[in-house]
Amino acid sequence: MLRKLTLDQINDWFTIGKTVTNVELLGAPPALRAEAPLRLESSETEYVKEYRQLEAQELDLYGSTHTTGQPVPQYLLDYCIERSVHCNIVVTQPRRIGASSIARWISKERSWTLGGMVGYQVGLEKIATEDTKLIYVTTGVLLQKLVSAKSLMEFTHIFIDEVHERTEEMDFLLLVVRKLLRTNSRFVKVILMSATINCQEFADYFAVPVQNKMKPAHVFEVEGKPHAIEEYYLDDLVHIDHRQLSPHILKEPVMTKDMYKVAVSLIQMFDDLDLKESRAVLPEKVPQWGLLEAGGLHNWDCWRAASPGKESQQGLLNVAGLHSWASWGALSSLTGLPLYSGVFISRVVCVPVPFVVEGIKCNLCAFSQLPRFPGNGTMFGLCSDGLVFCSGLGEINYMHELLTNMVHKRLQIYPLHSSVTLEEQNNVFLSPVPGYRKIILSTNIAESSVTVPDVKYGKLQLLLVAGPLFTLPSVSPPGFGSGLMVGALAVSGQGEDENPHDGELTFLGRVLAQLPVNQQLGKLIVLGHVFGCLDDCLIIAAALSLKSFFVMPFRQHLDGYRNKMNFAGDSKSDCIALVEAFKTWQACRQRGELRHPKDELEWGRLNYIQIKRIREVAELYEELKVRISQFNMHVGSRQPALDREYTYKQRFILQLKHIPPYGFLYHKQLQSLFRQCGQVKSIVFDGAKAFVEFSRNPTERFKTLPAVYLALKMPQLRVPLELSVHPAEEIEGKVRGGAVSKLRNTRVNVDFQKQTMDPMQVSFNTLDRSQSVTSLLLTVDVTEVVEVGHFWGYRVDEGSATLLQKLTAEINQLQLVPLALHPHPDLVCLAPFADSDGERYFRAQILYVSGPCAEVFFVDYGNRARVDLDLLMEIPCQFLELPFQALEFKICQMRPSAQSLVCGERWSCRASQRFASLVRDCELLVKVFSVVHGVLRVDVYRCSGVQDTINVRDVLIQEGYAEFTEESYESKQSHEVLKGLFSKSVENSPGTDRSVPSPMKENENYLVQILLESCCSHQLGAPNCKAVLRGPFNPYELKCHSLTRISKFRCVWIEKESINSIIISDAPEDLHQRMLVAASLLVNATGSTMLLRETSVMPHIPGLPALLSMLFAPVMELRVDQDGKGYTGVLCGLGWNPTTGTPILPEHDIELAFDVQFTMEDIVEVNILRAAINKLICDGPNGSKNLGPERIAQLQDNARQKLLGLFCQLKPRERVVPKWYEKPYEWNQVDPTLVMETADWEGSRRKSPFLYQLHKLVVLAT
């Protein structure tokens, strides 16, 4: 909307700051193109000529659909250029896309070269030259410029837009600008722009001294009438019967399916609205246009197109943009007007119309559009586009599904969300196929950052309202306490006249001031330098400062999540995933594999990585390396001596509920539902439940399979799990007179690998390999070591050896034939293997196929080999009946020590080598403890002499590689079953066959086969019912809660893109506290829920949460038991004020109860490590900047070894039951006579140049 200002008003405002009021509103702004003006011979000619005269004489300020930061700086630039006045204008925008897009738009509209007169700088991307007079930057860029220059004099005018968006950068920028305005930059003009601030409060905040008085900043007020707004309620939508809608409860806001159907119904009305408008609006308005001469309609402002009869209903129609051509001939033929020349008439915009539906706030803004004509590839009556606003990605998914399932509706549906790829976002700007309507499903990204052309029907906003709408209070200027970080300022606090907010920047503070990242990431970089992992920390800091380069394409979220998990490996960390992906991309570029842009884009597509964004991370990474080098921090080739081992996986079982009766009939449907997650090995149907087990590589380590994570991810993404089924009564009525009803409660196991379906008499968890175990004491030969304590082998007793020899002889006597099917993972076949007796064929399972070869696992011996595909043979059916003879073992009651967990991903390299030396090249005696999912949990003994034996577990524990742990509930349950099965009577009768089926089982098996045959022969007909399943579930899935006081009872959610949006415990029997950290978090408006982003699950080390809290907390206070003989917990935070006795920042205090025993020696070690960190982050002659590379490396090794020593003790800390302090979050609870002051604590209290002060010790009673 135009604001008419005279030259005197403008001069007064920019020179003496005189308030401008009572501005006359003119209408919509002109398009600033350098084309010749249009000559009109119509009723609008007089107004256009008057407007041209005004444009030549005066400076007009106008609003914009993008931001308030567009017009004012442009007119100021024009004003200065016309008068040859020097100017250097900078305009801030809170978002990168805003700064860059506005600069591009201005350069395009004015036909200027981007980077010439107008440019932008966002992050490290700078498109500007010395000739640039108007530059758009992000808030952080301007802040960095001003901090470095310590002056505003580089610019003549500073526009700070969207000042109401209160971020740390905005607060710091206002603080810096305010101080510089009052000191060395008094003549720089600063303009604050916002629609929702307390003007007078900001005017007082930026008051400047004039004649010994503080004169407030001048306020530029613009008065005028906003657009008329009409509200439509549900009753106004006559085509919708609102009485059938579900009642809405304000206290329980939810988007019901009925309201989605309302939105779909409105979209279906668009065709009728288009047709009605094309018939009614166009003929009434065309005769008013008059005759048009040749020329382009490029500089029109607005013109009245509505007839007097329609004006009150339609509102004033404005030409928003005239950008392409249409044929006037087509319009002439429709209206009867003479054909004079070709012109184009584009979007005619109608005012927004919000309406409210049953407590759900909706806005229906009808952006009307005159029909486009042939000449630009369209025809009269072309479908206009629609824009639907949804509250989140889940709502977009559901709406997308409803619209795609519509029959006989030609719709092209595009999602617009920050998580979808850039390519998918760009699709919203494409023109739809002729005859189709484009529907855009978007969050508020299309409201604040993107302008979508050709939208006629928008915004149908689906927004939940939990109660009445309240007016938010005006935003106030920043206070002095904004953004201060512990450790960045050294405060003396000695004299009474000293300001407690003043202080000298420490070494850490100066480093943080030079880094273009937030304070937390800057501190991460500094600590990365301390512990010798600077390179990884730089990558993490750069990646977290920008938009994530991982993409989750729309409707392909599971694939993107799987790829991110692959990069994370076993770390369970989003940050490690970023590091590994970045290093992989770097390595591919260095090898020349991504030399061509096409190859790089293809690599990014396959790995679900956006190349543009990862390049931005690389630029910031290089910039950070340069900036920290001035502080003597360098990325060296020398890496910490930590193991990097490959990932390992463990099979897990998922549970589904609401399985229909005779669910095993639909096993193929259920298998197909989880095919996108992984290969399903078996499904056990047990009444209304089903248990799905995924296949795993038998030679890979135990860990939760990625397929399990992906399956548990499906409910988060609202992936429907539906089966097409027959009613149970129909099945029982059609098959054998209802005899099959006995199978309703029968447990049935479907094995997809063996292609069998059998009833089960016992739990699926019980001994599927017990038939191969005839004794609890076995003599085995190890053939494959998977990891420490986990290996494959086969029995070497006489009976087993005879069985294997006979089987091998029978196989090699046959005439073998090649595979009939193409080789694929899990396929059982015959494969050759060469030993001392020559090359022979054995039973094998294909692990994976790679080119012309396959990796196979020999199922009777437990070893593996690489075999040519041409050598694989078909296995006769009779050889599948004999159970596989190879046995999988895992040492019971053992887990990795803390040292193994820290030095390696699970077991250190030394631990692996030591275990291999204990079990290789000798026969082992194993004692079976239990059988869990086919894996024998055993005690392993190595014979060292004639009678002496060595327990392998005891050796690993004594040497510090392992720790003792309890067995899981499943293992203990199996142990009791085994003891019953292998009683003395059974052991004395080795010929007893425990696998003889009972008559009941034979009868059930027969009925199962009859039912399957009836289903396959179509005796039951086609399924005519739908069964919706619940789940999947996993009993070991974990939930999180916050440690801080203010968030202790908040609900914690982890964003769906995070690896840890699904967390599964790998050791449910271990009850030690676990810790998850997040790079950032958001809190909802009510403060009830937190959303965590970029998370990492810390290693499962007993006592780790308490150790990390004590190590990095500014202040801590130990809790002591009533007898004063032991520490029970710790309170961490900023401490308390001795004068007032109150906590300094109580809402962020952390109260912990120890679950392991800590001694005074542990607290001393924490202080020693804090002192070691301080040595690498300090000033002075012995400061870090004055140290040589060898001395820095020595200090880094020292800090790293002390850290590992704190976590990894040879003797594990004793486990204790947590005891919570009776007065939680209360400071100063320790008897002062028991407090031991550290050597330099008093000195550090007075004036500390260090990052960490040493903790006070509490003396324990003896």
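Everything numeric in this text was worked out from a predicted model, so none of it was measured. (Residues numbered from 1 in each chain as written. Predicted model: local features only at pLDDT ≥ 70, side-chain atom pairs only at ≥ 80, totals over all residues. Heavy atoms only, no water.)

Colleague: How should the overall build of the protein chain be read in this particular structure?
Modeller: Each helix and strand in the protein chain was counted, giving 35 helices and 50 strands. Within the protein chain, the fraction of its 1262 residues that count as buried is 49%. A separation of at least 24 residues holds for 70% of the contacts in the protein chain among residues at least 6 apart in sequence. Accessible surface, the protein chain as shown: approximately 62,100 Å² in total, 53% of it carbon and sulfur. (Helix = DSSP H or I, 4+ residues; strand = E, 2+ residues; numbered from the N terminus. Buried < 20%, exposed > 50% of the residue type's maximum accessible area, 1.4 Å probe, protein only. Contact = heavy atoms within 4.5 Å. Areas by Shrake-Rupley, 256 points an atom, 1.4 Å probe, with all protein chains shown as cover.)

Colleague: I keep staring at the packing of helix H32 (residues 1104–1112) against helix H33 (residues 1160–1176) and nothing clicks. Help me out?
Modeller: Packed helix pairs are specified by the crossing angle of their axes together with the interaxial distance, meaning the distance between the axes. Put simply, H32 and H33 touch, their axes get as near as 9 Å, and they point 50° apart. Considering their axes alone, H32 and H33 lie oblique with respect to each other. For the crossing formed where H32 meets H33, the hand is right-handed. Taken together, the residues of H33 that come into contact with H32 (itself represented by Met 1110, Leu 1111 and Phe 1112) are Ile 1163, Val 1166, Leu 1169, Arg 1170 and Ile 1173. (Axes fitted to C-alpha atoms, helices over the stretch in contact; angles between N-to-C directions. Parallel < 35°, antiparallel > 145°, perpendicular 65-115°, else oblique. Left-handed = near helix turned anticlockwise from the far one by under 90°.)

Colleague: Can you help me understand the sheet that holds strand S43 (residues 1051–1054) in this one?
Modeller: Within a sheet, neighbouring strands are paired by backbone hydrogen bonds and run either parallel or antiparallel to one another. The three strands lie next to each other as S43-S45-S44, forming an open sheet whose pairing is mixed. Pairing within the sheet leaves two strands with one partner each, and these edge strands are S43 and strand S44 (1076–1083). Across the sheet, the axes of successive neighbouring strands diverge by a mean angle of 40°, strand direction being ignored. For S44 and strand S45 (residues 1089–1097), the ladder comprises seven bridges, and the chain directions are antiparallel. By the bridge assignment for S45, Val 1077 is matched with Ser 1096. (Pairing = 2+ DSSP bridges.)

Colleague: I tried to follow the environment of Ser 775 on my own but got confused; where do I start?
Modeller: Examined against the element boundaries, Ser 775 turns out to sit in the loop between strand S28 (756–760) and strand S29 (777–787). Given the relative accessible area of 25%, Ser 775 is considered partly exposed. Ser 775 sits 206 residues away from Leu 981 along the chain, and the two C-alpha atoms are 9.9 Å apart. If we skip the residues at most four places from it in the chain, Ser 775 touches Val 928 and Phe 982.

Colleague: Would you take a moment to explain the packing of aromatic side chains for this structure?
Modeller: Here the distance between the centres and the angle between the planes together describe a pair of aromatic rings. Scanning the entire structure with this criterion turns up 17 aromatic pairs. Look at Phe 507 and Phe 631: their rings are 5.9 Å apart centre to centre, the planes differ by 90°, and that puts the pair in the edge-to-face class. Taken together, the positions of Phe 507 in helix H15 (residues 507–514) and Phe 631 in the loop between helix H21 (611–629) and strand S23 (653–657) put the pair 124 residues apart, joining distant regions of the chain. Each member of the pair, Phe 507 together with Phe 631, is buried. For the pair Phe 674 and Phe 694, a centre-to-centre distance of 6.3 Å together with 85° between the ring planes defines the contact as edge-to-face. On the criterion of sequence distance, the pair formed by Phe 674 in the loop between helix H22 (667–673) and strand S24 (680–686) and Phe 694 in strand S25 (residues 689–694) is long-range, its members being 20 residues apart. Each member of the pair, Phe 674 as well as Phe 694, is classed as buried. What links up through ring pairs into an aromatic cluster is the set Tyr 794, Phe 833, Phe 842, Phe 858 and Tyr 861. In this structure, Arg 178 is placed above the aromatic ring of Tyr 205, and the distance from its NZ or CZ to the ring centre is 4.4 Å. Positioned above the aromatic ring of Tyr 561 is the side chain of Lys 713, whose terminal nitrogen or guanidinium carbon lies 4.5 Å from the ring centre. (Phe/Tyr/Trp six-rings, centres within 6.5 Å; stacked < 30°, edge-to-face > 60°. Lys NZ or Arg CZ within 6 Å of the ring centre and 35° of its normal.)

Colleague: Can you help me understand the packing of helix H18 (residues 557–568) against helix H19 (residues 574–590) in this one?
Modeller: Two elements in contact, H18 and H19, have axes separated by 7 Å at closest approach and are oriented at 85°. The angle between H18 and H19 places the two elements in the roughly perpendicular class. Of the residues in H19, those touching H18 at Lys 564, Phe 567 and Ala 568 are Asp 574, Ile 576, Ala 577, Glu 580, Ala 581 and Thr 584. Taken together, the residues that form the contact of H18 with H19 break down as five nonpolar, one polar and three charged. (Nonpolar A, V, L, I, M, F, W, Y, C, P; charged D, E, K, R; others polar.)

Colleague: Help me understand helix H5 (residues 139–149) in this model?
Modeller: Since the α-helix advances by 3.6 residues per turn, residues separated by three or four positions end up pointing in the same direction. By the burial criterion, the buried members of H5 are Thr 139, Gly 140, Val 141, Leu 142, Leu 143, Gln 144 and Leu 146. Positive phi shows up at Lys 150, right after H5, with a value of about 55°.

Colleague: What am I meant to see in the sheet that holds strand S46 (residues 1115–1120) here?
Modeller: Pairing within the open sheet is antiparallel, and its three strands lie in the order S46-S47-S48. Looking at strand neighbours, the two that pair on one side only are S46 and strand S48 (1150–1153), the edges of this open sheet. Sheet twist, expressed as the mean angle between neighbouring strand axes with direction ignored, is 20°. Here strand S47 (residues 1127–1133) pairs with S48 via four bridges, running antiparallel. From the neighbouring strand, Leu 1131 faces S48, where its bridge partner is Glu 1151.

Colleague: Teacher, can you tell me more about the confidence of the model for the protein chain here?
Modeller: Caution applies to low-pLDDT regions: their predicted coordinates should not be interpreted in detail. Model confidence for the protein chain is summarised by a mean pLDDT of 75, while 72% of its residues fall at 70 or above. Counting contacts from residues 480–486, a segment whose pLDDT is below 50, to residues more than four positions away or on other chains yields 12 contacts. Per-residue pLDDT stays below 50 along residues 990–996; that stretch engages in six contacts with residues further than four places along the chain or on separate chains. (pLDDT = per-residue confidence, 0-100.)

Colleague: What is the right way to look at the pattern of salt bridges in this model?
Modeller: Any two side chains of opposite charge can pair, given that their charged atoms come close. Scanning the entire structure with this criterion turns up 30 salt bridges. With a shortest N-O distance of 3.6 Å, Arg 1093 and Glu 1055 are connected by a salt bridge. Taken as a pair, Arg 1093 in strand S45 and Glu 1055 in the loop between S43 and S44 lie far apart in primary sequence, 38 residues in all. Its relative accessible area of 34% is what places Arg 1093 among the partly exposed residues. Take Glu 1055: its relative accessible area is 13%, and that puts it in the buried class. (Salt bridge = Lys/Arg side-chain N within 4 Å of Asp/Glu carboxyl O.)

Colleague: Which parts of the structure should I look at to understand the pairing of strand S37 (residues 923–932)?
Modeller: Consecutive residues of a regular strand have side chains that alternate between opposite faces of the sheet. Within S37, seven of the 10 residues are buried, which leaves it mostly tucked inside the rest of the structure. Relative to S37, S29 runs antiparallel, the two sharing five bridges. Within S37, the residue paired with Leu 777 across the bridge is Lys 927. Where S37 meets strand S38 (residues 935–943), eight bridges bridge the pair, whose relative direction is antiparallel. What sits directly across from Leu 925, in S38, is Tyr 941.

Colleague: Help me understand the side chain of His 1255, please; the structure alone is not making it clear to me.
Modeller: Among the structural elements, His 1255 can be located in the loop between helix H35 (1241–1246) and strand S50 (1257–1258). A distance of 3.1 Å separates polar atoms of two side chains, one belonging to His 1255 and the other to Arg 1170. (Polar contact = N/O pair within 3.5 Å; in protein donor to acceptor, adjacent residues only side chain to side chain.)

Colleague: How should I be thinking about the nonpolar core in this particular structure?
Modeller: Nonpolar side chains tend toward joint burial in soluble globular proteins. By size, the foremost hydrophobic cluster in this structure holds 138 residues, and its most contacted members are Phe 664, Phe 674 and Phe 694. Look past the residues within four positions of Phe 664 in its chain and what remains in contact with it is Phe 685, Leu 743, Val 748, Val 750, Met 757, Val 1008 and Leu 1011. Counting residues in hydrophobic clusters, the runner-up holds 31 residues, among them Val 785, Ala 911, Leu 924 and Val 938. (Core = buried A, V, L, I, M, F, W, Y, C linked by side-chain atoms within 4.5 Å.)

Colleague: Sorry, what's going on with the environment of Ser 571 here?
Modeller: Examined against the element boundaries, Ser 571 turns out to sit in the loop between H18 and H19. Residue classification places Ser 571 among the partly exposed residues on the basis of a relative accessible area of 22%. Ser 571 sits 527 residues away from Met 1098 along the chain, and the two C-alpha atoms are 8.3 Å apart. For Ser 571, the residues in contact, after removing those within four places along its chain, are Ile 576 and Val 1097.

Colleague: Sorry, what's going on with the environment of Ser 912 here?
Modeller: Within the secondary structure layout, Ser 912 lies in helix H27 (residues 909–919). Looking at Ser 912, the relative accessible area reads 22%, which means it is partly exposed.

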